[in-house]
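Notes for the structure review
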Amino acid sequence: MKVVNFALLLLLTFTLSCKEEPAKDLTNEEVSVSTFYLIRHAEKIRSNPDDADPELNQKGLGRAMHWAEILNDVELDAIYSTNYNRTSMTAAPTSVKKNIDVQYYDPRIVDIEQFKADNLNKNVLVVGHSNTTPEFVNLLIGEDKYPEIDDNENGTLFIVQIVNNIPTVNKLIFNCNCPD
């Protein structure tokens, strides 16, 4: 299953990474294609239940680097993260590898139509939380399809592709054999 998921991601990556000129459909009209890769932050330190902004634990640091490897062949144009240690640290290895500054967003006040317009014809990574990531996916696709991610699940990748305002979504799970 892991091989199938990776093959699907590679297929999407190679299909979407060309930026030379806008695609055209059979009527010679330009086709808009925006692709959003949405992940939840990696594993966080849980030793202090009163800490609202913990950093990543050792396994989380490994997973953050794993995400950078998974997304290595994806031509990203932008990286967004909520302004928390765990999400920033999850985005950091990809940000460094791609030489893209992380832009911070507040999921409570995102104007989804403006966000889609700002990222038209781009490939975008969005790092969020167990509740905000599926909520963001639901906003992008215009339906209430995905519930919150289980608190112990940090390997979910949603790939939302919007072609001429028509969204599709794939949900993949990546295991990380990262040391604790």
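Criteria and cut-off values
Each residue is numbered by its place in its chain's sequence as written, counting from 1. pLDDT decides what is reported in this predicted model: residues at 70 or higher carry local features, side-chain atom pairs at 80 or more are listed and counted, and totals for whole chains, interfaces and linings draw on all residues regardless. Note that the side-chain values use all heavy atoms of the structure and ignore hydrogens as well as water. A pair of strands counts as paired when DSSP detects no fewer than two bridges linking them. Secondary structure is summarised from DSSP: a helix means a run of H or I of at least four residues, a strand means a run of E of at least two, and numbering begins at the N terminus for each. Given a helix with a known number of residues, its expected span is that number minus one, times 1.5 Å. Exposure categories follow from relative accessible area, calculated using a 1.4 Å probe and restricted to protein chains: below 20% of the type maximum is buried, above 50% is exposed, and the middle band is partly exposed. Only buried residues count toward a nonpolar core, which is a set of Ala, Val, Leu, Ile, Met, Phe, Trp, Tyr and Cys residues joined through side-chain atoms within 4.5 Å. Contacts are residue-level and defined by heavy atoms, with any inter-residue pair within 4.5 Å sufficient. Seen with its strands pointing away from the viewer, a crossover is right-handed if its path from the first strand over the helix to the second goes clockwise. Two cysteine sulfur atoms form a disulfide, by the criterion used here, when they sit within 2.5 Å. pLDDT is defined as a per-residue confidence score from the predictor, taking values between 0 and 100. When a carboxyl oxygen of Asp or Glu lies within 4 Å of a side-chain nitrogen of Lys or Arg, that pair is called a salt bridge.

This part is about the pairing of strand E8 (residues 166–173). Examined bridge by bridge, strand E7 (residues 156–163) and E8 share eight bridges and lie antiparallel to one another. Of the residues in E8, the one forming a bridge with Phe-158 is Lys-171. Hairpin remark: E7 followed by E8, antiparallel, with two residues in the connecting loop; positive phi at Asn-164, about 50 degrees.

Over its 13 residues, helix H2 (residues 58–70) runs 18 Å from end to end, which matches the ideal 18 Å to within 8%, given 1.5 Å per residue. Turning to H2, its buried residues are Gly-60, Gly-62, Arg-63, Ala-64, Trp-67, Ala-68 and Ile-70.

Judged by nonpolar contacts, the single largest core of 19 residues is most densely connected at Phe-36, Leu-38, Val-126, Phe-136, Leu-140 and Val-160. Those elements giving two or more residues to this core turn out to be strand E3 (33–40), strand E4 (78–81), helix H4 (112–118), strand E6 (123–128), helix H5 (132–141) and E7. In terms of residues, this core owes the most to one element, H5, which gives four residues. Non-local contacts of Val-160, meaning those with residues more than four positions away in its chain, are made with Ser-34, Thr-35, Phe-36, Leu-38, Val-137, Leu-140, Ile-141, Thr-168 and Val-169. Trp-67, Ile-79, Ile-100 and Leu-172 belong to the second largest nonpolar core, which has 16 residues in total.

Here the focus is unusual backbone geometry. Residues apart from glycine generally show negative phi values, whereas peptide bonds are mostly found in trans. Unlike most non-glycine residues, Asn-164 shows phi in positive territory, near 50 degrees. Positive phi outside glycine occurs at Asn-165, with the angle close to 70 degrees. When you line up the elements, Asn-165 lands in the loop between E7 and E8. Residue classification places Asn-165 among the exposed positions, given a relative accessible area of 68%.

Moving on to the pairing of E4. Side chains Ala-78 and Tyr-80 of E4 all project onto a buried face; the interleaved residues Ile-79 and Ser-81 project onto the opposite face, where all are buried too. Two elements, E4 and E6, share four bridges in a ladder whose sense is parallel. Across the sheet, residue Ala-78 finds its bridge partner in E6, namely Val-124. Crossover connection from E4 via helix H3 (residues 85–98) to parallel strand E5 (residues 102–104): handedness right-handed.

This part covers the state of the cysteines. Across all of its chains, the model carries one disulfide by this definition. Bridging Cys-176 to Cys-178, the disulfide has an S-S length of 1.6 Å. Across the pair, Cys-178 and Cys-176 agree in class, each one buried.

Residues of the chain with pLDDT of at least 70 account for 84%, and the chain-wide mean is 89. Confidence drops under a pLDDT of 50 for residues 1–20, and excluding neighbours within four residues, the segment shows 29 contacts in the predicted structure.

This paragraph deals with the environment of Lys-59. Along the chain, the position of Lys-59 falls in helix H2. Along the backbone, Lys-59 and Asn-177 are 118 residues apart, and their C-alpha atoms lie at a distance of 8.5 Å. Filtering out sequence-adjacent residues up to four positions away, Lys-59 remains in contact with Glu-43, Cys-176, Cys-178, Pro-179 and Asp-180.

Another point: the pattern of salt bridges. All told, the structure shown has seven salt bridges when counted by the stated rule. For Asp-106, the salt bridge identified is with Arg-108, shortest N-O distance 2.9 Å. Relative accessible area serves as the criterion here: at 72%, Arg-108 is assigned to the exposed category. Because the salt bridges share partners, they merge into one network encompassing Arg-40, Arg-46 and Asp-151.

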